Amino acid sequence: MNSDYRDKNSRKKQTLVSSFYFAFIGVITALKAERNLKIHFVMTVLVIFFGIIFELTKTEWLLISFAIAGMIALELMNTAIERVVDLVTTEQHPLAKQAKDIAAGAVLIYAVLTVIIGLSIFLPKIL
């Protein structure tokens, strides 16, 4: 095996590790700065706690996992869009407002879905 091949693979691995590192830093940065993301994380802890208490089935855990991960991922995307818009312009521009409002709307729609999922799973266990 030639050393050039190993060097390329080594660089790919470093790049992959770096990608995961920077992604993790992005989540931590947003968590420190974004109120809504903090709320989502608190709700995540509560849902996991109650999921353990009510002994959710594998299917219920799967649905809850998709709801949680989707909500956090969408909130991160919303935050990224807000940051980019703020970086591009400091002026009140109608398109900048629309971009932020549309991203927030996507979060709202998914949040409603997650509430419906949560209620459909937990309400029968409570009642």
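Here the structure is shown first, and the text comes after it.
Quantities reported herein were computed from a predicted structural model and do not represent experimental measurements.

Novice: Would you take a moment to explain the pattern of salt bridges for this structure?
Specialist: Charged atoms that come close allow side chains of opposite charge to pair. Counted under the stated rule, the structure contains four salt bridges. For Glu34, the salt bridge is made with Arg83, and the minimal N-O distance between the two is 2.8 Å. Of this pair, Glu34 sits in the loop between α1 (3–33) and α2 (35–53) while Arg83 sits in helix α3 (residues 58–88), and the two are 49 residues apart along the sequence. Judged by relative accessible area, Glu34 falls into the buried class, the value being 15%. With relative accessibility at 38%, the residue Arg83 sits in the partly exposed group.

Novice: Is there a simple way to think about α3 in this case?
Specialist: Since one α-helical turn is 3.6 residues long, residues separated by three or four positions face the same way. With 31 residues, α3 extends 45 Å between its outermost C-alpha atoms, agreeing within 8% with the 45 Å of an ideal straight helix rising 1.5 Å per residue. Among the residues making up α3, those that are buried are Glu60, Ile64, Ala67, Ile68, Met71, Ile72, Glu75, Asn78, Thr79 and Val85. Taken together, the buried residues of α3 touch α2 and α4 (94–126).

Novice: Looking at this structure, I do not really get unusual backbone geometry. What am I missing?
Specialist: With glycine set apart, most residues show a phi of negative sign, and most peptide bonds adopt trans. The backbone phi angle of Glu55 is positive, close to 50 degrees, even though this residue is not glycine. Structurally, the position occupied by Glu55 is in the loop between α2 and α3. Residue class for Glu55 comes out exposed when judged on its relative accessible area of 67%.

Novice: It is not clear to me how the packing of aromatic side chains should be interpreted in this structure. Could you clarify?
Specialist: Where two aromatic rings form a pair, the distance of their centres and the angle of their planes describe that pair. Under the defined criterion, the tally for this structure stands at four aromatic pairs. Residues Tyr21 and Phe22 carry aromatic rings whose centres are separated by 5.4 Å and whose planes lie at 65 degrees to one another, so their mutual orientation is edge-to-face. Judged by relative accessible area, which is 48%, Tyr21 ranks as partly exposed. For Phe22, a relative accessible area of 56% corresponds to the exposed category. Ring geometry for Phe49 and Phe50: centres 5.2 Å apart, planes at 70 degrees, overall edge-to-face. Residue Phe49 is classed as partly exposed on the basis of its relative accessible area of 46%. The structure contains a cluster of three or more aromatic residues connected by ring pairs, namely Phe49, Phe50, Phe54 and Phe122.

Novice: What is the right way to look at the side chain of Glu75 in this model?
Specialist: Relative to the helices and strands, Glu75 resides in helix α3. Apart from residues no more than four positions distant in its own chain, Glu75 is found in contact with Asn36, Leu37, His40 and Val107.

Scoring rules and cut-offs
- Residues numbered from 1 in each chain as written.
- Predicted model: local features only at pLDDT ≥ 70, side-chain atom pairs only at ≥ 80, totals over all residues.
- Heavy atoms only, no water.
- Salt bridge = Lys/Arg side-chain N within 4 Å of Asp/Glu carboxyl O.
- Helix = DSSP H or I, 4+ residues; strand = E, 2+ residues; numbered from the N terminus.
- Buried < 20%, exposed > 50% of the residue type's maximum accessible area, 1.4 Å probe, protein only.
- Expected span 1.5 Å × (residues − 1).
- Contact = heavy atoms within 4.5 Å.
- Phe/Tyr/Trp six-rings, centres within 6.5 Å; stacked < 30°, edge-to-face > 60°.

Honestly, that's just the spatial picture; any functional story needs more than this.
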